[in-house]
Each structure stands twice: as C-alpha cells, then as structure tokens.
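Overview (structure and organization)
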Amino acid sequence: MPMDSYRIAIIGAGPAGMSAAARAARLDAETGAASPTHILLEGFSLPAKTIQRYQKGKHVMAEPGFLDLRSDIEFEAGSREHILDKWQSGLQANGVNIRFGAEVTRISGSKGNFVVELSSGESLGAEFVVLSIGLEGNPRKLGVEGQDLPNVQYQLDDPKEYDSERIIVVGAGDAAIENALALAEQNEVWILNRRDEFSRAKEGNLNAILAAISDPNQKLHCYYSTSVKSVVPGAQGSTAMVATLDTPEGEVALECERIIARLGAIPPRRFVESCGIEFPNEKRDAKPELSRYYESNVPGLYVIGSLAGYPLIKQAMNQGYDVVEFIGGNFIQPADHPLLEYQFNGLPYEREVDDLIERFQSLIPMFRELNSLAFRELVIESNVIVSFPDGPEYAEANKKAESLAARLSQMAKPPRMTRVIREGDVIYEPGEFGTSFYTIVDGEVTLERESDGVTHTTTLSRGEFFGEMSLLSGRPRLERAIAGASCIVVESPRRTMVKLMNSNDTVREGIEWIFVVRELQNQFAPNASVADLRDISGRVQIHNYKAGETIFTEGERGDSLHVIRSGGVALSRNIDGEDILVAQVRGGKRIGEMALMGDPTRRETARASVAVETIEVSRAEFIELVRDDRDQIRKLQDAVSQQVTDNARMAVRPESGSVMDFLMDEGLGEATNVLIINEALCVGCDNCEKACAETHGGISRLDRDAGPTYANVHIPTSCRHCEQPHCMKDCPPNAIRRAETGEVYINADCIGCGNCEQNCPYDVIQMKYDAPPKPGLLRWLLFGAGNGPGEDQGASPTEAAAKKGKKATKCDACVDQKAGPACVNACPTGAAMRIGPSQYIDLVEERRR
Amino acid sequence: MIHTGILRYAKARFLWWAVGLTAFSVLLYSTQGGLQPANGGTWQGYVLGTIGALLIVWLSMLGIRKRSYSSNAGSVPGWTSAHVYLGTALLAVATLHSAGQLGWNVHSLSYVLMFVVIISGFYGIYTYVNYPQAITENRSGSSRAALFAELFELDRRGRELAAKGPDDINIVVRSAIERTAIGGGVYAQLLGTDRSLFVRPSGSGDSAAGKPVSNRDQQPVIDLIAGRLPRTSKVAETELLEELLEIFCRRQAVLRRIARDIRLRGRIRFWLLLHIPLTVALIFALIVHIVTTFIYW
Ligand SMILES: Cc1cc2nc3c(=O)[nH]c(=O)nc-3n(C[C@H](O)[C@H](O)[C@H](O)COP(=O)(O)OP(=O)(O)OC[C@H]3O[C@@H](n4cnc5c(N)ncnc54)[C@H](O)[C@@H]3O)c2cc1C
Ligand code: HEM
Ligand code: SF4
Ligand code: SF4
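For clarity, every value in this text was computed on a predicted model and none was experimentally measured.

**Some thoughts on the overall build of chain A**
From N to C terminus, chain A includes 25 helices and 44 strands. With the C-alpha coordinates of chain A rotated into their principal frame, the extents come out at 85 × 75 × 65 Å. Out of the 849 residues belonging to chain A, those deemed buried represent 54%. For chain A, the share of sequence-separated contacts (at least 6 apart) that also reach a separation of at least 24 residues comes to 69%. Summing over all exposed atoms, chain A offers an accessible surface of approximately 36,700 Å²; the carbon and sulfur share of this is 47%.

Encoded structure:
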C-alpha cells in the first residue's frame, strides 16, 4: 500500500504546531489545493495537551506583553477553557488537517522525502517536517500488562471528581503524594512506593504523607518496597480491576476502581536526537542548534516552540506562522522584528536592523559564536545601553529616546528600548547585587576596583566583557563600571546568559576564562594585566563539586590552594574522633593557602556544603603570580593568620561548630539573607507571620513553625535569597528578579506555571490565589469584624482572584517596605532576625562575656 | 546567638528611663507638704496623675502598634521593651499620685485594675523569659506535629499487636488508645489535668470491670499490662505483652511531652487573656476617674 504523502508534516499540536498547521492550511486554501498538502500529527486525543493539563479555569497569560501575535489562530489572555475553545474553532475555521492519537515514534529520510512513523505502525511521507512537540514529554507508564486499561491513568486533573472509590496511587514523588492526599479525602487510597521511604519528596509533603499514613482516621495506606506486577480487569459486570502487587511479603492482589501512576515524564530529547538533530552538549537544558529560519542541522527538519527554547505560548505561535512562510521560501521579517528596532533606536547609526545585527556579529567575537536566531533573542532580552558626551549630543539622543518612549507607552506593556546615558555615568557600583552580564559593542568602559585604599583601573574596549563574576558566582559586584566616550554596551540578564552558556560551549569557555583571569588578578596580582595572566590562567584548574563532596582531606599533603568561585565550603577538623566544623568559607575566598606558606600538611578537611566551583592554583603558578609583590604576599599572609585564629577558636568550641554544621546542612552556605528565630526567645505568637501577610497582600510568605531547629536556632520555611537562586532558572516570563540590594522577588509577570515552586530546594514558594480583602484593623479591634490580622487560611478566592489564577508567592525580604523586614520588626520578643553569611559566626559563637 | 531579648533591648535603655522616671516621681512627691497633704489634688499630684494617665494610654497603644505592620514608628521589640520597663515605673507613678489614699470608690478601682494589669504583666514577662527555652527542651528538636506523628504510629502498632492478643487485652489497649485525652479546655490546658480513660477487663474481679475508669498519665494501663506479664504462661503472649508494655511506656513519654508542650504554650498565651480585657476595663475606669474628679472639683 503506498503511504500517504504530504509537503509538510507538523508534529505536535501545541500552540506552535497548531499555528504552523493553520498557516499551511491557509496557504492550501489560497493555492486551491485539491487535498491538504499538510498534516498535523498529535499524540493525544485533543489539541494542545500541555494546556489541557493546566489546572481547571487557569488564567493563561499572553506574555510577553510587548510582543504582537502573528498567527491565523487567535490567542489572548483568558481562561484555559476559553483559549482551548478558541483554538478548537480556529483549527476548524482554517481547515487544518489534524490527526489525533498519532504519536510519532520515528522520523527518518531527508529533505524532500522524510518518513514519519507512528506508534500504530503506520508511516507517512513528507517533504518537510516541523517538530513542535514541546518539552513536557510523555508520562512514564507502568510498563506492565494492563497499563493501558481505561481506568489506569497517568495524571489527575481534579481529585474531587472521584468519590468512594478504591484508588491505587503509584509513585513516591511530590505529584504522587499530593494526589494521594487529595484523593484520600473522599476515597480509600493505597500509595505504592518502590523504595522503603519517601526520599524524593519535599519536606512539607513528606510530613503530610507520613502523618496521613499513620493516622488511623484516614483511609490512606502505604505499601513500601512494592511495585505493580500486573493489572487485569475485574470479573464481568464489575467496575473494578485487580492489581497484583509485588510486596516484600510476597504477591498481594488488590481490587480497585482506579490506578493513578505518577512516575514522571520521559524527556523528549532522546526522540529528538534519534531524528538526527544534534544538541551542543549533554546539559539538561541544552537546546538544539537552529538556523535563523528554525531549521535544524538536518536540512528540511525544523524545530519550533518550547522545544526550540522559547518557553511562552505567543512566541510558539509566532514561530509556527513564520516557519511555514520560511519553508515556502517567503523570508518575512519575524514577528519580533520591531522589538529589535526599538532596541537599536537610540544608536548613533543610520542602518537597518538586519545590517546592524550582521555588523555586531562580525565585530564582536563572542556574538560571532551565536547563530543569528540566538543573537536576535539575546538582543531582545537585553538592555542596549549607549552613552553620549554631556551636551547637545546627549540632549538630542535623549529627545529621540523620549519621543519613542512616548509612542511605546501607548502599548499595554512597553517593550525595552535603547537606554541613553551620559559619558562618565556609573553603570554599577561595588556592593550591588547584579546578575547581568555586559558586552562592549563599541567605545570604552572603565572598571575601578578599590583594594586597601588603592584604586586599580582597567579600561575595556570593543569585544570585551565584564560583570561575569556576579553572573557566575552570584556575589555582589566588586568594582565600579563607568561608561566611557560613546560606548555601546549590551547588558544581558542572567537567565539569558545561563541559557546561552548551556547551549554554546565556546561562549561558556570565553566567559569562564575571563572570570579566572580577573579572579586571579583580584586575589593575587592586582597590578598584573590580562595579557600577563593569559598564560597562567590556562594552567590553573577549575573544579566542580557537588554538595557533600570532599575537596581535600585533613592529614594529606597539599601543594595547592583553592579559590572558591561559587558556593560555600565547610572546613572541619577531626578532634578526638569527631569531625568539628571550624569554618565556613564562601565564594571569593581562598582555602588551603597554608600548604603554600610553609605547612604542606592539610590541617582541615574541606567539604562542599552546597554545589561548589573552585579554581585550584598550584605552587608554581602561585609563586609566579605573587612573584615580586611583597605587599601582596604580606596581605595574603595576614588573611591566613586571621583565618587560622578563627579556625582554632572554633575548634575549641565544638558546640559552635555543630551549630555551624547544622546551618551548612540546611543549605545556608548559599544563602545571602535568611530569617533565623531564636527558640529561647520565641513565644510562638506568630506575629511575624501576621506581619508578613499584612504587608504582602494577605498571604504569609513564611511558615514559622515549619523548618528545622537545632540548639535553639530555628530556620523557618522562608526564602533565603540564594546567591544563585534556583527558582530563577526556568521562569518562562523571567518574572523572578534580584534587586540591587540583593532581595530576590517575583514580579507581576508571573504566569503561574509553578516551575519555581519545583525548582526551589527549600520549599519556600507557594502557588496561591490573591487573598480577598478584609476589614481594617480598627474595625476588627473595636467591632470584631473579620478574623483579625494575618493570613486567613480558610478564605476562598474572590471571583476576580480565581480568574487571575494561582501565582507564585514568596518572601521578597520586604524590598519595598520602608521600615525593613516586617517579620523582624513585628516580633515582640526580639526572637526573629534576618542575617547574612558574615553574621553566621556571631550567631553560633557566644561572644558575650 | 546574636539575638537580644526585650529585657536587654538596646542595652536595657528603657530600664534607665524607668529608673529616671521613678526618681523624678519620688522627687516630685517629696516636694509636697505644707498647706495641703500629699495627694492627687496638689499640683504635684496633678503632674503625676497626668504622667500616669498618658503612660496608661501609651502602654495600651502597644496593642495597636503591634499590629501596625507597615509602621515606621520604632520596632515592636523596642516598644515591648519600653512597655515592660515604663509599665513597671507606672506602679511608682500611680502609687505616688494616689498617695496611698485608697478606699471603696471609682478612683481606687482604677488603681486596683492597673495594679492587676501590671502584676499580670509581670507574670507574662516571667513566662516570656522562661518558657520558650523550656518548650524547646521539652520537644528536644522535633516539632509538635512530629510528636503527634509518633503517637499515631505507636497507636497503630499498639492496635495491631493487641488484635493478635487475648480479647481482654485487646479491649484494654483499644479503649486506652481511643480514650486518651489530649489538651481540653483552658483549665485543663493550664493545669494539665488528664481525663484519659480505659476500660478494665471484666472478670478482673474489681467493681470497675467493664466500665471506663481513669487512665491518668497512662499509668493504670501500664500497671495492668505489667501485672499480667508474670501471670502468663504462653510464650507468645508474654512476648506480645512485653512489646505492648514497651509501646505504652513510650506512649506515656510522648504524651507527657505533648501535655507539657500544651501546658507551657498555654501559659505563655493565656495571661494575655487577663492583661488585655483588664486593660480595656482600666481605660474605662480611668475615664470615669478623670471625669468625676473634674466634675466634683
Ligand atoms: C503550568 C503551566 C502554566 C503555563 N502558563 C503559561 C501562560 O500562562 N502563558 C504562556 O504564554 N505560557 C505558559 N506556559 C508555557 C506554555 O505552556 C508553553 O510555552 C507552550 O505550551 C509551548 O508550546 P509548544 O507548542 O512548543 O509545546 P506544547 O504546548 O508542549 O505542545 C506539544 C504537543 O506535542 C504533542 N506531542 C509530544 N510528543 C509527541 C509525539 N511524539 N508525537 C505526536 N505528538 C506529540 C503533545 O501531546 C502536545 O500536544 C505554562 C506552562 C505550564 C507547564
Ligand atoms: C497599666 C499598665 C499596662 C497596660 C495598660 C498594658 C497594656 C498592654 C497591652 C494593650 C498589650 C498588648 C497586648 C496585645 O494586643 O497582644 C500589652 C502587652 C504586653 N504587656 Fe502590658 N500593659 C501594662 C503593663 C505591663 C507591665 C508592667 C508589663 C511587664 C512587666 C507588661 C508586659 C507586657 C507584655 C510582655 C506584653 C506582650 C507583648 C506581646 O506579646 O505582644 N505590661 N500590654
Ligand atoms: S525561592 Fe528558593 S531558590 Fe529562590 S532564592 Fe529563595 S530559597 Fe533560593
Ligand atoms: S510560577 Fe514561578 S517560574 Fe512560573 S512564571 Fe511564575 S514566577 Fe516564573
């Protein structure tokens, strides 16, 4: 049987795939094709599985607000249901040729004659293939007989849908636990854990599930070390199934109405690679390399949507439209083209955007490494800064910028545009928490660093970059950056840079190299130039350690020191058979210098307390670095003397060391600002929580009672404002920001996807509806109106709040509170305090006499 | 720790304020005499009275400041520290203002109310200083939720074991678990009374057989199981009883901790139930006191 053949096969009917198919269908209609030349293949039974799986009624946002939609299918912010309806009718109205239940398992062949194989065994032919399968992957199945029975399901939309059933939940992660707990309210539930404990779950879920399992009043049971062996339909006429379980006590047959397996998803990367598409490296979040027209390294095979690295719906839809035009040979300007125009508006050039892009890429070595798609993306997400000499030139440029700003302010959400500054203006100051990275496109920038009263000045010019230290280590800026004459600087946010570094090894190596050079300069040789250090920097070694790994061990011989590039290291000594923690050392500091200063035996064991990166400098390089600089050697010696005294002091106070150990175990090695409650003072009045709720829209971002305690030190569940916030990593609209003063906060762009909640290892982010308004303090005090200050746990969201949907909430360290952190200010007994790492030692040591 | 409690707040600055205020009041008081005997009616008495009334108003404002969460007006620990010291000084101010002339009237009512508020404050500060540490030690690192989780787990194991044992033991164990009383009303919480019950097996010869009797501190059940142990001849049953005994001893320890936790936390909070309403009463009495003073002048 000859197989069906199409010009374009689009795989995955998410926003990207639908939009592409709709464009192809329109073109079919325009050319009057007798039968469709396109096909949209969707593995699920409905379009847009990712969106189908959002929570019911979720408000879907149309971020980024400044990007226009270009698609034959409608999309605007609204409820999930509304959007899905619109899409459904959009597919019909455009006459899209879609096939559901068509999971693609293999793509082979080449441009002009691809063969697309489906899980049903069927094959299709296509000249071009567009891959838009998103990132969600397909759920891992039970892998046993009966895994596809109707009531064996791999997700749970609404636990309230089921009542008085017997349900088996398979899995031990957060999803399984949350489902089991929710289902147990109305059903009898068994949770099956393949291991003998719930080690992968968050602390909150862990406590909840253990309590529920042992609570005799709850109908929730647990099988540990158990897996499903098979599932068979029950006897005729019964709705039940029988699951055979492999338990440590032998096989058990369990009758149930439903099985819900939450075993995670299989990431799509393997499938994508099997199509011949290459990834730049093994990093988890690496994206395939694409041309400006979204074409992969396999000619004729295109990749769009979140799979291509664009995490938002509107971007995905625009790409769907564009890619079909590109395939048709119509090389239109992409929908984000105007954004580039605004970014370049203030530059002193009379050139077209494409021209400028090309020119920048040819002039700047780092940009040359990017394909033009990635470079355009970089520019759109960056700030373009341009300086002019104070006077008429600046005034004119400013006028031009203002007129564009006035025009853009008409938009619901104005896009970024060139930032015009004066020559000599400060770009950032030392001590500021910055997370962005700067590339000089033209002109000069001066860096000033003060150390011991001496100012070291470096001037950078075209092609050089700066700001890499804060980017890579999360530490505050060390130097002052000053705009030089007519400079053009591209300031790129951390998230963009991390994405770039993870998918482009050359860029990563370049940035890391300059980091090492500047760190060596800063630590050992302030007077040396980059050129002087070029050679040495190639000879030092960079190491990565996971939390808990040993860097060096007490008693061994050492011939090197480590500069900690990021993270925190715990130094401990073995005293009478016990490991006593003597110091915690943070990024920017050195460990093990004594080995190069007369004592080759390591006196401490150094262990990474969080993920750590170090630069290891051996004796030869060290001597070369400090060669003739007497001053520098004296300074290094002084620092070592200080450190050994501190270490010795801690070593004789094992109590303090054990508290410090506790802090490190709890991840405070990467915190910058953490709430610590002294249990010897706390009366449990929860005024701190109330203060938090009252100053943050009625929702407390801190749970005082939760969190670990040791020797009177209690670390409540509340954001620690990590050096390198894990939460920022995958936020599609880039809504998580860090203030210059260090506070990590979430702005109004949040789309409620919950990625950050998953990514924060400290469990401090909650997805919440806006709290309903309540009566003021006096009305409560005098007339007892409302339930008083604090979060009202029982409140149900107003209609408006429900429509807006759950948003990520977390502590913002009261960035915008004039009086500072409300929790600390409101504690009647002085038990609550926010501290930074430099105060840990005061916290654990009894300094008072 | 780098935290400072309210008594030491800002190097106990407000202690010195309070000392100063007291000294000033004594000085002022001692200048009375001559034509008029010392009392609230002299000009000195008026000054002291005014200071006292203002102090009371300000002391009461803590309830509002404590809940004005965005306020810039000093921190709550600072206010509380000042509250405690100046509240104590008020005792001197008001006593000197009244010059000891107390009787059965509204004027003295204000004094008495104030006195009780202050005494309750002393008790409060005592609990604030001593109990948090006691609570932490009592829980020894774990949380109340964890204690309850442990209790539930012990209950579950106890039930499971007892189900395998003889019926009468099963009844004892199940009833003891089911009728374990935790917490209770304000009094039970403060005094730590234990209304736990269990059912004594019938046939044990005593009059209470088959009826629920007190299981205070879980001791009677422990005694009963321990009493049965040497009188059992079956090995399996001995083992079971031994295990049950262990579980109940552990339960007793956990329950004691929970009860102590509830008691201490209750005490730290319940004094405010005296302090606040009496403050409200005091303010009304004070208004009456001032108004009548001026009317009958
Ligand atoms: C909880 C949550 C909330 C979000 N909220 C928003 C928001 O408010 N606004 C916003 O702009 N973005 C939001 N996002 C992001 C948004 O969902 C994605 O950016 C978008 O879905 C990406 O579209 P896509 O077409 O690339 O991929 P997807 O939408 O993931 O679509 C991929 C499709 O391909 C199908 N498929 C996969 N594999 C195969 C295969 N082998 N064969 C056939 N078909 C296959 C899938 O079934 C699916 O239908 C949110 C994401 C999440 C998880
Ligand atoms: C007439 C004198 C006093 C008045 C009118 C007064 C009034 C108040 C009020 C209104 C509150 C606020 C309670 C709340 O809203 O939660 C309070 C709290 C408190 N008072 Fe007093 N008080 C007085 C004297 C004292 C004294 C003498 C002491 C101690 C020696 C004291 C100790 C406290 C303490 C410890 C608190 C609790 C703070 C907190 O937990 O928020 N008070 N008082
Ligand atoms: S939310 Fe979590 S990951 Fe993000 S800064 Fe706070 S503690 Fe760190
Ligand atoms: S939920 Fe978190 S990750 Fe997702 S958009 Fe909001 S802030 Fe970003």
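**Observations regarding the coordination of the iron atom of ligand 2**
Residues and elements named next belong to chain B. Taken together, the protein donors to the iron atom of ligand 2 comprise His 83 (NE2) and His 275 (NE2), at separations of 2.0 to 2.1 Å. Classification of the site at the iron atom of ligand 2 as octahedral follows from its six donor atoms and the range of 84 to 178° in their angles at the metal. Taken together, the residues span a long stretch of sequence, with His 83 in helix 4 (residues 76–98) and His 275 in helix 11 (residues 272–295) at a distance of 192 residues. What makes His 83 buried here is its relative accessible area of 16%. Given the relative accessible area of 12%, His 275 is considered buried.

**As for the packing of aromatic side chains**
Residues and elements named next belong to chain A. By the definition in use, this model includes 20 aromatic pairs over all chains. Taken together through their ring pairs, the aromatic side chains of Tyr 293, Tyr 294, Phe 326 and Phe 331 make up a single cluster. Above the plane of the ring of Tyr 54 lies Lys 58, whose end atom (NZ or CZ) is 5.1 Å from the centre. The ring of Tyr 428 carries Arg 477 above its face, with NZ or CZ at 4.1 Å from the centroid.

**A few points about the sheet that holds strand 26 (residues 465–466) of chain A**
All names here are of chain A. Strand order in this open sheet of five strands is 21-20-28-23-26, and the pairing throughout is mixed. Both outer strands of the open sheet, strand 21 (419–422) and strand 26, are each paired with one neighbouring strand and no more. By the bridge criterion, four bridges tie strand 20 (residues 383–388) to strand 21 in an arrangement that is parallel. Across the sheet, residue Ser 387 finds its bridge partner in strand 21, namely Ile 421.

**A few points about the pattern of salt bridges**
Applying the stated criterion across every chain, the model contains 59 salt bridges over all chains. Asp 686 of chain A is the partner of Arg 704 of chain A in a salt bridge, and the nearest nitrogen-oxygen pair spans 2.4 Å. Pair noted here: Arg 704 of chain A is in the loop between helix 20 (687–695) and strand 38 (709–710) and Asp 686 of chain A is in the loop between strand 37 (674–678) and helix 20, with a separation of 18 residues, a long-range link. You can call Asp 686 of chain A partly exposed: its relative accessible area is 24%. Across the pair Asp 155 of chain B and Arg 251 of chain B runs a salt bridge, and its minimum N-O distance is 2.7 Å. You can see Asp 155 of chain B sitting in helix 6 (residues 144–164) and its partner Arg 251 of chain B sitting in helix 10 (residues 235–270), a full 96 residues away along the chain.

**Some remarks on the site of ligand 3**
Inspection of the region around ligand 3 gives 13 residues, with Cys 719, Cys 722, Cys 727, Cys 760 and Lys 810 of chain A positioned closest. Among the residues making up the shell around ligand 3, the classes are represented as nine nonpolar, two polar and two charged.

**Structural notes on empty space enclosed by the protein**
Residues and elements named next belong to chain A. For the structure on display, the rule yields eight cavities of 30 Å³ or more. Along its surface, the largest cavity is lined by 20 residues, and Lys 287, Ala 308, Ala 374, Leu 500 and Ser 503 are the ones closest to its centre. Where the lining of the largest cavity is concerned, the elements lending two or more residues are helix 11 (372–381) and helix 14 (494–503). Classifying every residue of the lining of the largest cavity gives ten nonpolar, five polar and five charged.

**A word on the site of ligand 2**
The environment of ligand 2 is formed by 26 residues, the closest being Lys 66, Arg 67, His 83, Tyr 128 and His 275 of chain B. Near ligand 2, the surrounding residues are drawn from chains A and B. Listing elements by their share of the shell around ligand 2, those giving two or more residues are helix 2 (43–60), helix 3 (62–65), helix 4, helix 5 (106–139) and helix 11 of chain B. Looking at the shell around ligand 2, the element that brings in the most residues is helix 5 of chain B, giving seven residues. A breakdown of the residues in the shell around ligand 2 according to their chemical character gives 15 nonpolar, nine polar and two charged.

Conventions we followed
- Residues numbered from 1 in each chain as written.
- Chains lettered and ligands numbered in written order.
- Predicted model: local features only at pLDDT ≥ 70, side-chain atom pairs only at ≥ 80, totals over all residues.
- Heavy atoms only, no water.
- Helix = DSSP H or I, 4+ residues; strand = E, 2+ residues; numbered from the N terminus.
- Buried < 20%, exposed > 50% of the residue type's maximum accessible area, 1.4 Å probe, protein only.
- Contact = heavy atoms within 4.5 Å.
- Areas by Shrake-Rupley, 256 points an atom, 1.4 Å probe, with all protein chains shown as cover.
- Donors = N, O, S within 2.8 Å, 3.2 Å for Na, K, Ca; no water.
- Tetrahedral: all angles 85-135°; square planar, octahedral: opposite > 155°, others 65-115°.
- Phe/Tyr/Trp six-rings, centres within 6.5 Å; stacked < 30°, edge-to-face > 60°.
- Lys NZ or Arg CZ within 6 Å of the ring centre and 35° of its normal.
- Pairing = 2+ DSSP bridges.
- Salt bridge = Lys/Arg side-chain N within 4 Å of Asp/Glu carboxyl O.
- Near = heavy atom within 4 Å.
- Nonpolar A, V, L, I, M, F, W, Y, C, P; charged D, E, K, R; others polar.
- 1 Å grid on protein atoms, 1.4 Å probe; cavity = no way out; pocket = protein on both sides within 12 Å on 5 of 7 lines; lining within 4 Å.
- Points joined across faces, edges and corners; volume = space filled by probe spheres on them.

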